[in-house]
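Below, each chain spelled out in residue letters.
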Amino acid sequence: MKANRRTDTKPELALRSALHALGYRYRKDFRLDLPARRVRPDIAFTARKVAVFIDGCFWHACPDHGSRPKNNEWYWSPKLARNVERDRAADAALSQAGWTVIRLWEHVPVTEAVALVTAAVGDPRPPRQVATMKPHAGLPALDASGAGRPPREG
Ligand SMILES: [Zn+2]
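Each value, and the rule that gives it
Residue positions are counted from 1 within each chain, in the order its sequence is given. Only residues with pLDDT of at least 70 are given local features in this predicted model, and only at 80 or more are side-chain atom pairs given and counted; all residues enter the totals for whole chains, interfaces and linings. pLDDT is a per-residue confidence score from the predictor, ranging from 0 to 100. Note on contacts: each residue gets a C-beta atom placed from the backbone, and two residues are in contact if those atoms are within 7 Å. A set of buried Ala, Val, Leu, Ile, Met, Phe, Trp, Tyr and Cys residues, joined to one another through C-beta atoms within 7 Å, is what we call a nonpolar core. Counting other C-beta atoms within 10 Å of its own, a residue is labelled buried from 20 upward, exposed at 12 or fewer, and partly exposed in the gap between, with every C-beta atom placed from the backbone. Numbering goes from the N terminus for both helices and strands, where a helix is a DSSP run of H or I of at least four residues and a strand is a run of E of at least two. How far a helix is expected to stretch is found by multiplying one less than its residue total by 1.5 Å. Of all possible arcs, the one meant is that of the directions from the helix axis to the C-beta atoms. Between any two strands, pairing holds if DSSP finds at least two bridges. Angles here are taken between N-to-C directions and fall from 0 to 180 degrees, while the axes themselves are lines fitted to C-alpha atoms, restricted in helices to the stretch in contact. Convention used here: angles under 35 degrees read as roughly parallel, angles over 145 as roughly antiparallel, angles from 65 to 115 as roughly perpendicular, and any remaining angle as oblique. Crossing handedness is read from the near helix: turned anticlockwise from the far helix by less than a right angle, it gives a left-handed crossing, and turned clockwise, a right-handed one.

What about the confidence of the model for the chain?
At step 1: Taken as a whole, the chain shows an average pLDDT of 82; of its residues, 70% reach a score of 70 or greater.
At step 2: Across residues 1-5, where pLDDT falls below 50, the model places 3 contacts with residues more than four positions away in sequence or in other chains.

Quick look at the nonpolar core
At step 1: By size, the foremost hydrophobic cluster in this structure holds 20 residues, and its most contacted members are V50, A51, V52, L104 and V117.
At step 2: Taken together, the elements giving at least two residues each to this core come down to α1 (10-21), β4 (43-45), β5 (50-55), α2 (73-96), β6 (100-105) and α3 (110-121).
At step 3: Per-element tally for this core: the top contributor is β5, with 5 residues.

Looking at α1
At step 1: For α1, with 12 residues, the first-to-last C-alpha span of 16 Å sits near the 16 Å given by 1.5 Å per residue.
At step 2: Every buried residue of α1 is listed here: P11, E12, L15 and L19. Down the axis of α1, the buried set is contained in an arc of 100°. They therefore lie on one face. What points out from α1, more than 90 degrees from its buried face, is the exposed set K10, S17, H20 and A21.
At step 3: Buried residues along α1 sit against β5 and α3.
At step 4: Where α1 terminates, the next one or two residues include G23, which has phi positive at roughly 100°.

Some thoughts on the pairing of β5
At step 1: With 6 of its 6 residues buried, β5 lies for the most part within the structure.
At step 2: Residues V50, V52 and I54 point to one face of β5 and A51, F53 and D55 to the other, with burial holding for every one of them.
At step 3: Sheet analysis places β4 next to β5, joined by 3 bridges and oriented antiparallel. Among the inter-strand pairings, I43 is bridged to a residue of β5, identified as V52.
At step 4: Where β4 hands over to β5, the hairpin turn is made up of 4 residues, of which K49 adopts a positive phi near 55°.
At step 5: Relative to β6, β5 runs parallel, the two being bridged by 6 bridges. Paired with A51 across the bridge in β6 is V101.

Looking at the packing of α1 against α3
At step 1: Contact pair α1 / α3: the axes reach a minimum separation of 10 Å and the direction vectors enclose 55°. Comparing the axis directions of α1 and α3 gives the class oblique. Crossing handedness for the pair α1 and α3: right-handed. Of α3, the residues touching α1 (which contributes A14, L15, A18 and L19) are V110, A113, V114 and V117.

Okay, structure coming up:
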C-alpha cells in the first residue's frame, strides 16, 4: 500500500506552481541515490542541493493534525512510526550528502512555504557569468597611440 507515497497532493501542486511562476526550476519526485540510501524529495533543486518534502499531516504524524486512528491501532501506529523513522533517515542521508532539507507540513500556507523554500534556494536564476558576455575581455587595452596594435601590413 503506497497511499503515503502519493504524489501531486494539493499543497504540493500549489507550492510547485507558485515556485514555477517565480521562475524557479526544479525536479519533482526526483530519485537521489545517496551514499546512505535512496531518497525521493517532492521537489529537488539539484544544482543547489535543496530538497523539499511536503509531508501529509496524517501520514507523517504532524503534531497538530496527526492524531492516530482509534481503530486498527495495532497496525497503524507501527506503520506511522516507520514513516517518521524513514523521514528522519532520509533527512540524515541528505544532510550527510551536503543537501539542505526543508520539510513542510501540508497544513503550512503556500505563501509561507514559498518563503521558506526561496530563502533556502536563493535567486531563481543565477546571473550568467559576466566574463563570457564581454566580447574583448582579456585582450590588451588599446591606447590612442596605437601601442598594442599589431603592426600594419605594408
Ligand atoms: Zn498538520
